Every structure is written in C-alpha cells, then in structure tokens.
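Overview (structure and organization)
So you can see what is in the structure, the chains are spelled out below.
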Amino acid sequence: MKVKDFNLKQTLECGQCFNFEKITDNGSDDIKDCFYEYIVLAKGRMLYVRQAADELFFLRPIKDKSDEKCSCELPDPADGELESCPSDEIRNIWIPYFDLERDYGLIKEKIIQADERLKDIIGQYYGVRILNQDFAECLMSFIISQNSNIPRIRKTVGSIGRKYGRQAGSYKGKDYYVFPEEDQLDKISEEDYRELKTGFRAAYLRSAADWLAKKRGAEERQLQKRDADERLAKKRGTEERLKEMSFTEAKAELMQIKGVGDKVADCVLLFSLAFRNAFPVDVWIKRIMEEMYFDGELTDKKVIEAYADGKFGEYGGYAQQYLFMYARNRGNA
DNA sequence: TCCCAGGTAGATC
DNA sequence: GATCTACATGGG
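Residues numbered from 1 in each chain as written. Chains lettered and ligands numbered in written order. Predicted model: local features only at pLDDT ≥ 70, side-chain atom pairs only at ≥ 80, totals over all residues.

We now examine the overall build of chain A. When helices and strands are tallied, chain A shows 16 helices and 7 strands. Since a compact globule built from 333 residues should have a radius of gyration of about 20 Å, the 21 Å found for chain A is in line with a globular shape. In terms of its C-alpha atoms, chain A occupies a principal-axis envelope of roughly 70 × 55 × 45 Å. For chain A, the residues scored as buried account for 36% of the 333 residues in total. Put simply, of all contacts in chain A between residues at least 6 apart along the chain, 59% involve residues at least 24 apart. (Helix = DSSP H or I, 4+ residues; strand = E, 2+ residues; numbered from the N terminus. Rg over C-alpha atoms; globule rule 2.2 N^0.38 Å. Buried ≥ 20, exposed ≤ 12 C-beta atoms within 10 Å, placed from the backbone. Contact = placed C-beta atoms within 7 Å.)

A word on the sheet that holds strand β5 (residues 82-84). Strand pairing in a sheet takes place through backbone hydrogen bonds and is either antiparallel or parallel in direction. Here we have 5 strands laid out as an open sheet, ordered β1-β2-β3-β4-β5, and antiparallel in their pairing. Strands at the two margins of the open sheet, each flanked by one partner only, are β1 (20-25) and β5. The average undirected angle you get between the axes of adjacent strands in this sheet is 30°. Summarising the sheet, strand β2 (residues 35-42) and strand β3 (residues 45-52) pair through 8 bridges and their orientation is antiparallel. Directly across from Y38, in β3, lies its bridge partner V49. (Pairing = 2+ DSSP bridges. Axes fitted to C-alpha atoms, helices over the stretch in contact; angles between N-to-C directions.)

For the rest of this paragraph, the subject is the protein's contact with DNA strand B. Neighbouring DNA strand B are 24 residues, the closest being G15, Q146, N149, G261 and V264. Listing elements by their share of the surface near DNA strand B, those giving two or more residues are α13 (262-272), α14 (283-293) and α16 (316-329). Residues of the surface near DNA strand B, tallied by class, amount to 9 nonpolar, 11 polar and 4 charged. (Near = placed C-beta within 6 Å. Nonpolar A, V, L, I, M, F, W, Y, C, P; charged D, E, K, R; others polar.)

Our focus in this paragraph is the nonpolar core. If you look at the biggest cluster of nonpolar residues, it comprises 83 residues, and the most contacted ones within it are L41, L139, I143, A208, V268 and Y322. Looking at this core element by element, the count peaks at 8 residues for helix α5 (residues 135-144). Residue contributions to this core reach at least three from each of two domains, namely domain 1 (8-67 + 79-101) and domain 2 (133-164 + 175-273). The contact partners of L41, leaving out residues within four places of it in the chain, are N19, F20, M46, G161, A168, Y176, Y177, V178 and F179. (Core = buried A, V, L, I, M, F, W, Y, C linked by C-beta atoms within 7 Å. Domains from an automatic or database assignment.)

Moving on, we get to unusual backbone geometry. Of note, A53 is a non-glycine position whose phi angle comes to about 55°, a positive value. Among the structural elements, A53 can be located in the loop between β3 and β4 (55-61). In the Ramachandran plot, A274 falls in the positive-phi region, its phi being about 65° despite a non-glycine side chain. Considering the arrangement of structural elements, one finds A274 in the loop between α13 and α14. Residue classification places A274 among the partly exposed residues on the basis of 15 C-beta atoms within 10 Å.

Looking at chain A, the domain boundaries give domain 1 (8-67 + 79-101) and domain 2 (133-164 + 175-273). Relative placement of domain 1 and domain 2: their C-alpha centres are 24 Å apart. Counting residues at the interface gives 12 residues for domain 1, matched by 14 residues for domain 2. Counting residues per element, the ones that place at least two in the side of domain 1 that touches domain 2 are β2 and β3. Take the side of domain 1 that touches domain 2: its biggest share by element is 3 residues, from β2. Considered class by class, the residues forming the side of domain 1 that touches domain 2 number 6 nonpolar, 4 polar and 2 charged.

Here we take up the protein's contact with DNA strand C. Residues in contact with DNA strand C, as listed here, are N147, N149, P151, R152, K197, G199, F200 and D300. Tallied by class, the residues present in the surface near DNA strand C amount to 2 nonpolar, 3 polar and 3 charged.

For the rest of this paragraph, the subject is the pairing of β4. The two faces of the sheet receive side chains in turn, since in a regular strand these alternate between them. Burial of β4 is one-sided: the residues L56, F58 and R60 facing one way are buried, the residues E55, F57, L59 and P61 facing the other way are not. Where β3 folds back onto β4 in an antiparallel hairpin, the turn is made up of 2 residues, including A53, whose phi is positive at roughly 55°. Sheet topology note: the β4/β5 ladder contains 3 bridges and is antiparallel. What sits directly across from R60, in β5, is E83.

This part takes up the environment of R236. Mapped onto the secondary structure, R236 falls in the loop between α10 (228-233) and α11 (238-244). Sequence separation of R236 and E220 is 16 residues, and the distance between their C-alpha atoms is 9.4 Å.

This is how it looks when you write it as structure tokens:
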C-alpha cells in the first residue's frame, strides 16, 4: 500500500517498541528512495515488513510444507521466500498496529501551530508513527526500560520471548518468538526474571504479572454473573476497560503496580492504550524541554508534564516522540 | 575506571 | 510535600 508521513525505520527504531529485527536498510531516510526490511514480532505474529519508497508491503515467509502429508511432490519453497499477508490480516491487524489510518499531516500542523520551532524537527522525523501495541507486552517492556538503554531493553525483551514466548515463524533458518501471552507470563517467577538479567526490575515484573492475573480473574468473575449471551457480547479484558476510562483514572490504575511510576504509566497509556495526550518525561525529554521552554533551568518533571499538556494537549504524545528523537539523535545523527 | 541509561520505591528531611 | 538514594546490568 502507498503511505505518507511514514518511515518504517523511524517508527520501529524510535524506542517505542523492542521486539523486531532489522533485515535491510539502504541508509536513506528519504521517502523517495528509502528501502527497509524488518521482521516485527507483535500481535502474536511474525511480520516481514518492507518499505520501498512510499510503498509498504506486509509479508510473511511461505510456510515450509515438508512436515505436511501429501506434499512430497511439491518442492519446498526456497528458504527465505515471501508471500503477502492475507488482506484481512493487513486490514484488521497491521494497518491499525502501524497507526496508518490516522492523518499525521493534521497532527503535524497542530504541533507546529503550538510551536513553530518544531517544524524542522518534525521535517527531519517526518515518518514516526505511534504504534498501537499489545498491552501486556508494552507494560512489561517499559518496566524493563527503567534506568536502562534501548539496545539493552531490546535484548531483554527478546530473551523473554525466546525463553517463554511462542515461536511465531522462522526466516532463513532462524526462529522468531513473540512476547509471552498473559497466561504464560503468570508462570514466570521473580527468580526466572532475575536469571534473564533484569536486575532490580525482576520484582516489578512479577508484580505486574500478578496485577494482570488479578484483573483478569476479577473480569472473569464479573462475567460469570451474567448470562451466556451477554457474556459473549461483553467479553473484554483489562486493556479494554482501561481504554474506556479517563486518562487520569487509567493512569492511577496502572500506577497501582509496584514498579510502574509516572513515566512508565505514560508510555503504556501512549503506546498501547491510545491515550495520545500522554507525555512521558524521561531524562531526554526533561533535558530538551528545559532547554526549549524553561530557559535551561532544571525543572521538575511534573511541571514539564503540565506545561506540555497545556501546550500540546491531545497531541502531546506525538510531540513528545518528535522531541525525543531530536534530543537523542542530535550530535551524532 | 567512571558515567550513564525512555525510573521507581522507600527513607529522610 | 519536596529531595535523596539504592537498586542490577552493560555499553561507551
């Protein structure tokens, strides 16, 4: 499909998601001649996604038929051969995941209206979109992110998938694993997390898994009280309930989890619960905001958050992401 | 070796 | 209520 205001590399590598692998990168950021291929593990699946200029392709490896009966005469597909994903999967899963239904032209206009100085920054990072990620994975990932760095977060998230997640496919002889489902997460002990080098975050990850299980249990008990038809109609998980809440309520819910503070909660709200007004303030954002809006003075994170809310409002999350890219990449970009 | 990383909880003032 | 610090680990 044709895309605009989209750059696969910028979108995947801006630090919002962690379970993917780069296959190809021709080194160009320009939408007129960029070429990227990535394997993305999300939504319980493996996706092979390719961007060639303004064309985006949702692909998957052709299944190896060698273990199926009655296919002995058919030659196996060459290793690494790809086919298009079914159109309903593209429509129902990947277009929403990459936030491709949204008009980023409008969003950019609104942010530039709020501050002209962001025009060049947005121009440089024109192709960042905010993904709509799986809730549990996003929650666990950003608990892992605290006091760490992006390469290491990716390493840890990947290793949790490899050890406890389901294999979602393979490509060129390599197996790829998705992040564990919620029920699988519940079986991982604090000690297990420690073995995966999560350090002091191990207890937090366990407390998040407890919270998820408790919420899931409460939801199921609620449903038991209703009749079967209604149960089917109203089936919804923790994620859906949080989405129906106000920003403030949902944030307070998340912050009940030991290990989830202001910043992690904001990331989860922004990247997996569609609260695009969330404005996570990490060390990079704190620095750039102090520089741009507080005369270089050290400023409390809560003050920065409130200021951003006033300035960018419902577009805060997008603005935050452009600023984050700029703050992190300047100097060495 | 020292410093820093998409922070948070608990202690202390 | 605002500020200080321990917390594990790995990369630069």
